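# Structural overview
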Amino acid sequence: MKKGWIYMLLALNMMAGCVDRSYAGMEDEDIFDDTTEPIPVKVHIGSAETIVSKGSGVMGDSREWQGAKFFVYAFNNDMLSTYNVKSKDDSSRCLIDGSKDVPGSSAGKEAYMSQTSNIVSWSGPDDRVYYPFGSESGIIYDFFAYYVDDVEIEEDDISRTEDRIVIRVEIDGSQDLMSSKARVLEDQLAGFLDEKERLYMEHYCYSYYAARKGIDPVFVFKHHLTKLDFMMTPAYNITGKRKVNVKKIEVRTMYRAQFTVADKVNKDNMGLVFDEEDYANLALRDEGTDGLTEGRYVFETLPTPSSRGTAIPVGLSILVAPDARYEVYAYMTEEFEDGTVKEYDEPLRMDITHKDGFQAGNGYKVNISVYGATRLDASVSLEDWNSGGKVTIDDEESFGNNGEY
């Protein structure tokens with residue numbers, strides 16, 4: 001009954017906070033005894049205590065993630081706030097965006113992983129951000145972050161309305177797109193043993209008061225694309241040996257999307273909505289190229305039915321739109337036992353499927369048996385996102401991030 005009464009008080013004060021975000025019920029705790037000292041805004045990637053290895057492209061550890069660029073927004077979470085207000089014009093409504101660094105910018109504020117911890121470093125002329133203090137110490141903010149890898153974003157691609165921020169994007173298969181809304185983690189609240197104080201802390205995330213108590217925003221990123229890793233294994237061809245040169249592999253996928261990076265009403269609206277009428281063939285790539293290295297993927301079919309071939313990874317991971325199935329096109333040449341080389345004008349097409357479809361945030365291994373340039377058999381298995389050279393940025397599920405914020 002006591003707990004229910006506390007929640008009722010919080011709810012009533014949150015509604016009253018449409019005009020004044022300070023919480024009158026906290027006065028007996030003397031939480032605003034001194035609000036004259038500026039407190040910098042610090043945000044973290046993953047756990048506030050540890051660095052979790054992640055990244056974009058072919059990365060092996062967290063050091064390679066350092067220097068990757070994020071974009072951050074922070075908005076007053078009262079009912080009157082709108083997401084088309086920029087920090088340069090009203091920093092109490094929009095605490096953080098890129099408008100102070102780049103006049104007129106609608107993007108989030110640039111931030112980078114620190115060299116020594118998982119606290120991000122702010123970029124641009126405005127490299128220090130402070131919470132409002134004094135009479136505005138009670139303002140509470142919602143924090144959002146997004147990562148678009150090296151996708152080129154123009155100012156006209158960003159739409160900021162009262163309730164959300166949406167960016168038009170096009171993917172090329174090599175880019176990782178992620179977003180996050182910060183929420184307080186259980187280990188951050190573990191030190192608050194008093195139930196009333198714990199509830200207050202949850203209510204004041206994120207604010208001047210929470211920062212004074214050592215609670216900073218933590219971003220646990222969610223992947224919005226599907227990762228495919230291709231493996232090819234030579235097989236036995238009953239009609240004779242073949243030497244197959246794989247020159248190019250393409251995956252047909254949706255590639256244009258609306259990326260919601262902040263949503264005032266429901267964080268589940270964040271993510272990608274693809275244009276289902278617009279498809280493109282995206283090519284597997286090797287490091288530093290736009291495709292597969294010529295002559296690198298040559299497979300000789302096996303000499304006997306009992307022989308066992310060695311699986312070889314082909315290209316880097318490719319990141320595509322989630323879908324029920326994919327069309328895969330393989331461009332190959334074939335050399336027969338007598339030395340004759342056969343060129344094929346058309347690629348060999350394969351349809352790959354998985355029993356649950358291909359879902360956002362999941363990694364899949366595409367295992368291809370090579371019988372010749374006219375026959376490839378494929379099977380698909382679910383795998384960890386980390387496999388195949390991609391390094392994740394904190395999986396939401398691993399932090400129990402499937403509940404409400």
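Since the model is a prediction, treat every value here as computed from it, not as a measurement.

This part takes up the pattern of salt bridges. For the coordinates displayed, the defined rule picks out 23 salt bridges. A salt bridge links Asp-78 to Arg-93, with the shortest nitrogen-to-oxygen separation between them at 2.5 Å. Taken together, the residues span a long stretch of sequence, with Asp-78 in the loop between strand 2 (69–76) and strand 3 (94–96) and Arg-93 in the loop between strand 2 and strand 3 at a distance of 15 residues. A salt bridge links Asp-172 to Arg-285, with the shortest nitrogen-to-oxygen separation between them at 3.3 Å. Of this pair, Asp-172 sits in the loop between strand 8 (164–170) and strand 9 (178–181) while Arg-285 sits in the loop between strand 16 (279–283) and strand 17 (298–300), and the two are 113 residues apart along the sequence. Using a relative accessible area of 24% as the deciding quantity, one classes Asp-172 as partly exposed. For Arg-285, a relative accessible area of 23% corresponds to the partly exposed category. If you follow the salt bridges from partner to partner, you end up with Arg-325, Glu-327, Arg-349 and Asp-351 in one network.

A separate point is the nonpolar core. Counting 60 residues, the largest nonpolar core has Leu-228, Phe-230 and Ile-249 as the members making the most contacts within it. Here this core gets 5 residues from one element, more than from any other, and that element is strand 13 (residues 242–254). Not counting the four nearest positions on each side in its chain, Ile-249 is found in contact with Phe-230, Met-232, Leu-282, Ala-283, Leu-284, Leu-292, Val-314, Val-328, Tyr-329 and Ala-330. Ranked by size, the runner-up nonpolar core spans 38 residues in total, among them Ala-74, Val-129, Ala-211 and Ile-215.

Turning to the pairing of strand 13, a few remarks are in order. As paired elements, strand 13 and strand 19 (residues 323–336) share 10 bridges and run antiparallel to each other. In the strand pairing of strand 19, Glu-250 is matched with Tyr-329. Taken together, the 3 bridges between strand 13 and strand 17 define a ladder with antiparallel strand orientation. Bridge pairing in strand 17 links Asn-245 to Val-298. Pairing geometry for strand 13 and strand 16, over 5 bridges, is antiparallel. Looking at the pairing, Arg-252 lines up with Asn-281 of strand 16.

Ordered in space as 7-8-14-15, the 4 strands form an open sheet in which the pairing is antiparallel. Edge strands, defined here as strands with exactly one partner in the open sheet, are strand 7 (158–160) and strand 15 (271–274). The mean inter-strand angle of the sheet, taken between neighbouring strand axes irrespective of direction, is 25°. Here strand 8 pairs with strand 14 (residues 256–263) via 7 bridges, running antiparallel. Each residue of the ladder has a partner; that of Ile-167, found in strand 14, is Phe-259.

Conventions and cut-offs
Residues numbered from 1 in each chain as written. Predicted model: local features only at pLDDT ≥ 70, side-chain atom pairs only at ≥ 80, totals over all residues. Heavy atoms only, no water. Salt bridge = Lys/Arg side-chain N within 4 Å of Asp/Glu carboxyl O. Helix = DSSP H or I, 4+ residues; strand = E, 2+ residues; numbered from the N terminus. Buried < 20%, exposed > 50% of the residue type's maximum accessible area, 1.4 Å probe, protein only. Core = buried A, V, L, I, M, F, W, Y, C linked by side-chain atoms within 4.5 Å. Contact = heavy atoms within 4.5 Å. Pairing = 2+ DSSP bridges. Axes fitted to C-alpha atoms, helices over the stretch in contact; angles between N-to-C directions.

Any functional reading would require information beyond the geometric quantities listed.
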